[in-house]
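As a plain string of letters, each chain reads:
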Amino acid sequence: MPTDQTHNPALQSWLPSANAHPSFPIQNLPFGIFSPPNATPRPGIAIGDHILDLTLLQASNLLPAAINSLIPLAPTLNDFLAQGPTPRTLLRQAVSHLLAASSPPHPELLHPATACTLHLPAHIPNYTDFYAGIHHALAVGRLFRPDAPLLPNYKWIPIGYHGRASSIRPSGTPVTRPAGQRKLPHEQQPTFGPTRALDFELELGIWIGPPNPLGRPILIAEAHNHIAGFCLLNDWSARDLQSWEYQPLGPFLAKSFHTTISPWIITPEALAPFRQPQPSRDPTDPQPLPYLADPEDQATGALNLILEVFLLTHSMRTQNIAPYPITQSNAHHLYWTPQQLLTHHTSNGCNLLPGDLLGTGTISAPNATGPGSLLELTQAATQPLTLPTGEQRFYLEDGDEILLRATAHRPGFTPIGFGDCRALIHPAQN
């Protein structure tokens, strides 16, 4: 995907907060759904510490008629995502020019982001979670199967499971501690109650754009045209519920209670400068089967995104202590590219729909500072995580807040971010 004038690092905006903004400079321009004060949900674009109201922009007729007709107006972005990359690119270029310092200011089209409510950017028909973070799979496997941490199929096939779309929520929505059956190894029988092992998982979300008909797979060379954007994704996990229920069919209630995503869709066009080759496989690893193998995807299909996780406890909050960084990883540690995940998902003829969401799986780094979950950080609750306050955590407690962030970096280009993906844990309700 080529870069163009919208990626120019010298590009500045007439909106001062957009210049050198850590997440939303003029080079980003992500799409989302928001509500201004006392108004209904509508599409917008994040710019600095404001939101460009696309409903007001469409009514202003500031853009050429052909571009104006591309502006989404529905309270969800599903139809816009379905149209594919061309409308996104044309609208991105027009909005970039409109917001550039060389253009007349139009502050009447903006709302302060702090005064607005952010929503899910699209109706999510289906949610699928993969297991493509090999360093997470290895770390967890070593905890429970030290002699064979990876199952025999792992390096041949993208592993995934169908999740629960109805419990996905945007950043800022509290997580209620789930209850369920749990059984420790020394216990004779299970009990029912709130999870005692609540965990986070650091993932990327992949938004699906144009659909494919039932029975017609998406070829790997075409997969990029069906990806509408990316977000951060926290696949909350109740580890004690999971260890009791997951055999033989896999995750169920331990995962379905809540998934948090960042609310802005970071487009493939914005991420064009930050694509990179997929890391080479170990010479002893099998090469992808032909339906997953494409030279262009291997050359440009990975993303250079710094991924960070922060923890903020109730005590830290009352003492006005900043969230504590507990892990740092990178999206290029995924064993499969996003395009390979999409292609494999449709390889049996499964039809994806606009607004479907794919999770990559936990993206851990291959070092001690990069575990993507507390399960890894604490070595299955045997080594506590110690915080600046002296507090220790094996798993998350009520009042804890987890914050995920992502930043795309490349020399010669302006860094862009994804915005916050955060949630506070509330006590169980039963």
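Our subject is the structure listed above.
Residues numbered from 1 in each chain as written. Predicted model: local features only at pLDDT ≥ 70, side-chain atom pairs only at ≥ 80, totals over all residues. Heavy atoms only, no water.

**A short note on the overall build of the chain**
Helix and strand counts for the chain come out as 11 helices and 26 strands. Whereas a compact globule of 430 residues would reach a radius of gyration of roughly 22 Å, the chain reaches 22 Å, a difference of no more than 12%. The principal-axis extents of the C-alpha atoms in the chain amount to approximately 70 × 55 × 40 Å. The buried share among the 430 residues of the chain stands at 55%. Counting only contacts in the chain whose residues sit at least 6 apart along the sequence, the fraction spanning at least 24 positions is 74%. Put simply, the chain shows about 17900 Å² of open surface, and 58% of that area lies on carbon and sulfur atoms. Looking at the chain, you have 22 positive and 30 negative side-chain charges, and the mean spots of the two groups are 4 Å apart. (Helix = DSSP H or I, 4+ residues; strand = E, 2+ residues; numbered from the N terminus. Rg over C-alpha atoms; globule rule 2.2 N^0.38 Å. Buried < 20%, exposed > 50% of the residue type's maximum accessible area, 1.4 Å probe, protein only. Contact = heavy atoms within 4.5 Å. Areas by Shrake-Rupley, 256 points an atom, 1.4 Å probe, with all protein chains shown as cover. Lys, Arg positive; Asp, Glu negative; His and termini not counted. Charge placed at Lys NZ, Arg CZ, Asp CG, Glu CD.)

**A look at the nonpolar core**
Of all hydrophobic cores here, the largest spans 70 residues; its most connected members are Trp236, Leu271, Leu305, Leu307 and Phe418. Mapped onto this core, the elements with two or more residues apiece are α5 (134-144), β13 (202-208), β14 (227-234), β19 (305-312), α10 (338-346), α11 (374-377), β24 (401-408) and β26 (421-426). In terms of residue count, β19 provides more of this core than any other element does, five residues in total. Once residues lying within four places of it in the same chain are set aside, the contact partners of Leu307 are Leu202, Leu204, Leu232, Thr327, Gln328, Ser329, Asn330, Ala331, Ile363, Arg405 and Ala406. Counting residues in each nonpolar core, the second largest holds 40 residues, with Trp14, Ile45, Ala165 and Cys231 among its members. (Core = buried A, V, L, I, M, F, W, Y, C linked by side-chain atoms within 4.5 Å.)

**Some remarks on the sheet that holds strand β6 (residues 127-130)**
Strand order across the open sheet formed by seven strands is β7-β6-β21-β13-β14-β16-β8, with mixed pairing between neighbours. Only two strands of the sheet have a single partner each, and these edge strands are β7 (160-162) and β8 (168-170). Ignoring which end each strand starts from, the neighbouring axes of this sheet average 30 degrees apart. Pairing geometry for β13 and β14, over seven bridges, is antiparallel. By the bridge assignment, Leu202 is partnered in β14 with Asn234. Packing against the sheet, α10 makes contact with β6, β7, β13, β14 and β21 (357-359), and its axis sits at approximately 100 degrees to β14. (Pairing = 2+ DSSP bridges. Axes fitted to C-alpha atoms, helices over the stretch in contact; angles between N-to-C directions.)

**Some details on the state of the cysteines**
Scanning the model with the defined rule gives zero disulfides in all. Free of any disulfide, Cys116 has its nearest neighbouring cysteine sulfur in Cys421, separated by 19 Å. (Disulfide = S-S within 2.5 Å.)

**A few points about the sheet that holds strand β5 (residues 117-119)**
Taken together, five strands build an open sheet; the order of strands is β4-β3-β2-β1-β5 and the sheet is antiparallel. On the outer flanks of this sheet lie β4 (110-112) and β5, each paired with one strand and no other. Each strand axis lies, on average, 45 degrees off the axis of its neighbour in the sheet, ignoring direction. Two strands pair when backbone bridges link them, and strand β1 (residues 31-35) and β5 are joined in this way by three bridges, in the antiparallel orientation. Bridge pairing in β5 links Ser35 to Thr117.

**A look at the pairing of β19**
Along β19, six of the eight residues are buried, which leaves the element largely enclosed by surrounding structure. Sheet analysis places β19 next to β24, joined by eight bridges and oriented antiparallel. Looking at β24, one finds that Leu311 is bridged to Ile402. In this structure, β19 lies alongside strand β20 (residues 324-330), joined through six bridges in antiparallel fashion.

**Re the pattern of salt bridges**
Counted under the stated rule, the structure contains 16 salt bridges. In this structure, the salt-bridge partner of Asp199 is Arg239, at a minimum N-O distance of 2.9 Å. Here Asp199, found in strand β12 (residues 198-199), pairs with Arg239, found in helix α6 (residues 239-245); they are 40 residues apart in sequence, far enough to count as distant. In this structure, Asp400 engages Arg393 in a salt bridge whose closest nitrogen and oxygen atoms are separated by 2.8 Å. Of the two residues, Asp400 and Arg393, both sit in the buried class. Each of the salt bridges in this network shares a partner with another, and the network as a whole consists of Asp199, Glu201, Asp235, Arg239 and Lys255. (Salt bridge = Lys/Arg side-chain N within 4 Å of Asp/Glu carboxyl O.)

**Considering unusual backbone geometry**
Outside of glycine, negative phi angles account for most residues, and trans bonds account for most peptide bonds. Gln247 connects to Pro248 through a cis peptide bond whose omega is 10 degrees. Inspection of the secondary structure puts Pro248 in the loop between α6 and α7 (253-256). Here Ala381, not a glycine, exhibits a phi torsion of approximately 65 degrees, which is positive. With respect to the helices and strands, the residue Ala381 is situated in the loop between α11 and β22 (385-386). Since its relative accessible area comes to 31%, Ala381 is described here as partly exposed.

**Brief notes about the side chain of Asn212**
Looking at the secondary structure, you find Asn212 in the loop between β13 and β14. Once you skip the residues sitting within four places of it in the chain, Asn212 turns out to touch Ile218, Thr346, Cys350, Asn351 and Leu352.

**Considerations on the packing of aromatic side chains**
The description of two aromatic rings rests on the distance between their centres and on the angle between their planes. Under the defined criterion, the tally for this structure stands at five aromatic pairs. A ring pair is formed by Phe31 and Phe80, whose centres lie 5.0 Å apart and whose planes are at 50 degrees; its orientation type is tilted. Here Phe80 lies in helix α3 (residues 78-82) and Phe31 lies in strand β1, a separation of 49 residues in the sequence. Of the two residues examined, Phe31 and Phe80, each falls in the buried class. On the basis of an interplanar angle of 45 degrees and a centroid distance of 6.0 Å, the ring pair of Tyr154 and Tyr335 is categorised as tilted. Of the two residues, Tyr154 is situated in the loop between α5 and β7 and Tyr335 in the loop between β20 and α10; the sequence distance between them amounts to 181 residues. The pair Tyr154 / Tyr335 is uniform in exposure class, with both members buried. (Phe/Tyr/Trp six-rings, centres within 6.5 Å; stacked < 30°, edge-to-face > 60°.)

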